[in-house]
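Okay, here's what each chain looks like letter by letter:
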Amino acid sequence: EAGVTQFPSHSVIEKGQTVTLRCDPISGHDNLYWYRRVMGKEIKFLLHFVKESKQDESGMPNNRFLAERTGGTYSTLKVQPAELEDSGVYFCASSQDRREQFFGPGTRLTVL
Amino acid sequence: QQQVKQSPQSLIVQKGGISIINCAYENTAFDYFPWYQQFPGKGPALLIAIRPDVSEKKEGRFTISFNKSAKQFSLHIMDSQPGDSATYFCAASNVGSSNTGKLIFGQGTTLQVKP
């Protein structure tokens, strides 16, 4: 069974540019989560989808971040325009039962 | 305040020794306490988890001890091996029927096991 995949693995962009991160969850997992780890800090929750519906967006930093989950399959997280403080590692996780969450390898975003 | 505090930040243990990582939480609504292990370049992977109605759970060399009254839980790695060298995160969540199950993570502990 394939695990959670994320693309790209690394992204380096200039401040003010747009970046889109993609997550493909484990097939059949209705729950999809986005998290972020800023260097030296803890991993923080961003948002939660159940199928294509956003259940909890309480962790989204501001309206420069937009997440979508088309057809309840893969998800994208767009940052527009990117700021320096958006740098970090963005993780996606999927789950069948909201307990065991399977994480992807992450996307390391660097904003210069 | 939904917060989980983890200590120590880093830990060096000799091969064969016991590694102990501690976490404390504040929100009594949490009902699921997992530990994740992360190797460089990989995402966190679930190692072991416990519910608050259990005081201890053991899986192989890994044991979670849970103290509900103190709102603390800890990970013990027995007979630590160099292959255990990784970053460990404790977490807490509320997975009840109307809750999202979002994980609240501790700050992470970098464990180095010396041969």
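See the structure printed just above.
The text that follows walks through the structure, step by step, so that each part is easy to find. Computed from a predicted structure; not experimentally measured.

Below, the discussion takes up the packing of aromatic side chains. In total, this model carries 19 aromatic pairs over all chains according to the counting rule given. Ring plane angle 35° and centroid distance 5.4 Å describe the contact between Tyr35 of chain A and Phe103 of chain A, whose orientation is recorded as tilted. With Tyr35 of chain A in strand S4 (residues 31-37) and Phe103 of chain A in strand S10 (residues 102-103), this pair connects stretches of sequence that are 68 residues apart. Of the two residues, Tyr35 of chain A and Phe103 of chain A, neither departs from the other in class, the shared state being buried. With 4.7 Å between their ring centres and 50° between their planes, Phe33 of chain B and Phe66 of chain B make a pair best called tilted.

All names here are of chain B. Judged by pairing direction, the sheet is antiparallel, and its five strands sit side by side in the order S1-S3-S8-S7-S6 without closing on themselves. Single-partner strands in this sheet number two, and they are strand S1 (4-7) and strand S6 (56-59). On average, adjacent strands in this sheet sit at an angle of 15° to one another, irrespective of strand direction. By the bridge criterion, four bridges tie S1 to strand S3 (residues 19-25) in an arrangement that is antiparallel. Counted as the bridge partner of Gln6 is Cys23 from S3.

The next thing to look at is the interface of chain B and chain A. Counting residues at the interface gives 21 residues for chain B, matched by 18 residues for chain A. Interface area for chain B against chain A, summed over the two sides, is near 1700 Å², with a carbon-plus-sulfur share of 57%. Sorting the residues of chain B by area buried against chain A places Thr100, Lys102 and Phe105 of chain B first, and these three jointly supply 30% of that buried surface. Connecting chain B to chain A are one salt bridge. Linking chain B to chain A there are seven residue pairs in polar contact (both at pLDDT 80 or more).

Criteria and thresholds
- Residues numbered from 1 in each chain as written.
- Chains lettered and ligands numbered in written order.
- Predicted model: local features only at pLDDT ≥ 70, side-chain atom pairs only at ≥ 80, totals over all residues.
- Heavy atoms only, no water.
- Phe/Tyr/Trp six-rings, centres within 6.5 Å; stacked < 30°, edge-to-face > 60°.
- Helix = DSSP H or I, 4+ residues; strand = E, 2+ residues; numbered from the N terminus.
- Buried < 20%, exposed > 50% of the residue type's maximum accessible area, 1.4 Å probe, protein only.
- Pairing = 2+ DSSP bridges.
- Axes fitted to C-alpha atoms, helices over the stretch in contact; angles between N-to-C directions.
- Contact = heavy atoms within 4.5 Å.
- Buried area = accessible area lost by both parts, 1.4 Å probe.
- Salt bridge = Lys/Arg side-chain N within 4 Å of Asp/Glu carboxyl O.
- Polar contact = N/O pair within 3.5 Å; in protein donor to acceptor, adjacent residues only side chain to side chain.

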